[in-house]
Amino acid sequence: MRHVSSKTQALPRRPAGAASPRDFVHLRRDSASGIEAVTARFLGHAYDMHHHDEWLVGVTHEGVQDFYCRGVRRQSTAGRVILIEPGERHDGQALQETGFRYSMLYLPQGWLRDAMGGSDAGIGFRRTLADDRQLGGAILAACRAIFHAPSPLAVDATLDGLVEGLRHHLGVAAPGPRADGGPEVAERAMAYIRAHAATAFGLDDLTRAAGAADRFQLARSFRRRFGTSPHACLVEMRLAHARALLRAGVPPAEAALAAGFSDQSHLGRWFRRAYGLTPAAYRTGRTNVPDAAEALD
């Protein structure tokens, strides 16, 4: 089962001055992929010159993120993407009093090698800073999935989107056209989701169960047949189960775990997005969330 470990990283006093008490660094690690997600804010000096063994892909959310890499100083502003290869030395600091805030993914070399077809020979980032809103969105989506750990299926889906967004920047051609799977692939996937809705499983598990050639064929077949993604379908099923439990008087915390959500807050986020009220409010009133049968009366 995939899980994440998390910590808030203490900021040491550095030669350039003490970190502001309003600075923060939050980190979580996805155990299945080894990818670390970081979200941070710095109001002044961020970190001294250093390097990482991983590939770094990040997006600046606000402020000006100043850093040295590849022989020159660079500035990343809101929406810009930062791309740093293993071994490339870099530092970081804010240029404005308001500081900067960003999200970053640390991608293990082995993971990226496998994602790019099993070889990393000849690949590399063409530039250190890029204006690519789509990739920035993919980085943020993957960070959020790893931090919130909604399900292995959700994390896998965001990482697939990240891989597709990175190909151009790494100089890797997209794979050739894949044959689309027939509707039976999607039907087998749907049957697996129904049978395992309350348990944790990833896209690789679902791909094998559906008999798809790969995760991408599965995603296309599923969307063509059902008009949505496997993860969205899984959330719908879990919400329906949780709603039935809440109607029966089960406390929200118990309903969340029984339906397959990681905890009550996880259920609450999805419940409010879907129905516009909290699980507790639905349990006591359920005034504006009709079931399908009630809607037909």
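To start, this report covers the structure provided alongside it. Starting from 1, residues in each chain are numbered consecutively following that chain's sequence as written. Per-residue local features of the predicted model are confined to residues with pLDDT of at least 70, and side-chain atom pairs are confined, for both listing and counting, to 80 or more; whole-chain, interface and lining totals are unaffected and use all residues. Heavy atoms throughout the structure, all of them, feed into the side-chain values; hydrogens and water do not.

Points about the sheet that holds strand 7 (residues 72–76)
Stated formally: Strands pair, by our definition, only if DSSP identifies at least two bridges between them. A run of H or I in DSSP counts as a helix once it spans at least four residues, and a run of E counts as a strand once it spans at least two, with each numbered from the N terminus. What counts as an axis is a line fitted to C-alpha atoms, over the stretch in contact for a helix, and the angles between N-to-C directions run from 0 to 180 degrees.
Overall, antiparallel pairing links the four strands, which are arranged 4-9-6-7 in an open sheet. The open sheet has two edge strands with one neighbour each: strand 4 (45–50) and strand 7. Taken pair by pair, the neighbouring strands of this sheet meet at an average axis angle of 20°, ignoring direction. Where strand 6 (residues 65–69) lies against strand 7, five bridges are found, and the strand directions are antiparallel. Considered in strand 7, the bridge of tyrosine 68 is made with arginine 73.

Section: the packing of aromatic side chains
Describing an aromatic ring pair means giving the distance of the ring centres and the angle of the ring planes. How we decide: Here is the rule: rings of Phe, Tyr and Trp (six-membered ring for Trp) pair when centre to centre is within 6.5 Å. Planes less than 30 degrees apart are stacked, more than 60 are edge-to-face, and the remainder are tilted. Three exposure classes are used, based on accessible area relative to the maximum for each residue type with a 1.4 Å probe and protein chains only: buried under 20%, partly exposed in between, and exposed over 50%.
With the rule as written, the count across this model stands at eight aromatic pairs. Taken together, a centroid distance of 5.2 Å and an interplanar angle of 90° make the contact between tyrosine 192 and phenylalanine 201 edge-to-face. Given the relative accessible area of 3%, phenylalanine 201 is considered buried. Members of the aromatic cluster, joined through ring pairs, are Phe42, Tyr47, Phe100 and Tyr102.

Points about the nonpolar core
The line we're drawing: Nine residue types can take part in a nonpolar core, namely buried Ala, Val, Leu, Ile, Met, Phe, Trp, Tyr and Cys, and a core is a set of them joined through side-chain atoms within 4.5 Å. Residue contacts are counted whenever heavy atoms from the two residues lie within 4.5 Å of one another.
If you look at the biggest cluster of nonpolar residues, it comprises 29 residues, and the most contacted ones within it are Val57, Leu105, Leu107, Ile139, Leu162, Leu166 and Leu170. Breaking this core down by element, the ones donating at least two residues are strand 5 (55–63), strand 8 (81–84), strand 10 (100–107), helix 1 (109–115), helix 2 (133–148) and helix 3 (152–170). At seven residues, helix 2 tops the list of elements feeding residues into this core. Those residues in contact with leucine 107 that lie beyond four places of it in its chain are Ile35, Glu54, Trp55, Val57, Leu112, Leu162 and Leu166.

Regarding the side chain of arginine 215
By secondary structure assignment, the location of arginine 215 is in helix 6 (residues 215–226). Setting aside chain neighbours within four positions, we find arginine 215 in contact with Asp156, Asp160, Leu203, Asp204 and Thr207.

Focus: helix 9 (residues 264–275)
Selection rule: In a helix, the anticipated span is given by 1.5 Å times the number of residues less one.
Between its terminal C-alpha atoms helix 9 stretches 16 Å, which fits the 16 Å expected from twelve residues at 1.5 Å a residue. Every buried residue belonging to helix 9 is among His266, Leu267, Gly268, Trp270, Phe271 and Tyr275, and all of these are buried. In this structure, the buried side of helix 9 is in contact with helix 7 (230–247), helix 8 (252–259) and helix 10 (279–284). Just downstream of helix 9, glycine 276 is the residue with a positive phi angle, here 80°.

Things to note about helix 4 (residues 183–195)
Applied cut-off: Each direction from the helix axis to a C-beta atom contributes to the arc, which is the arc of those directions.
For helix 4, spanning 13 residues, the distance from its first C-alpha to its last is 19 Å, which sits close to the expected 18 Å at 1.5 Å a residue. Among the residues making up helix 4, those that are buried are Val185, Ala186, Ala189, Met190 and Ile193. The buried side chains of helix 4 occupy one side of the element, clustering within an arc of 135° when seen end-on. Summarising the geometry of helix 4, the exposed residues directed more than 90 degrees from the buried face are Arg194 and Ala195. Where helix 4 is buried, its residues touch helix 5 (203–210), helix 6 and helix 7.

Observations concerning the pairing of strand 9 (residues 90–94)
Burial of strand 9 is extensive: four of the five residues sit out of reach of the surface. Examined bridge by bridge, strand 4 and strand 9 share three bridges and lie antiparallel to one another. Its bridge partner being in strand 9, histidine 50 is matched across the sheet by histidine 90. Across two bridges, strand 6 lies against strand 9 in antiparallel orientation. Residue aspartate 66 lies in a different strand from strand 9, and its bridge partner there is glutamine 93.

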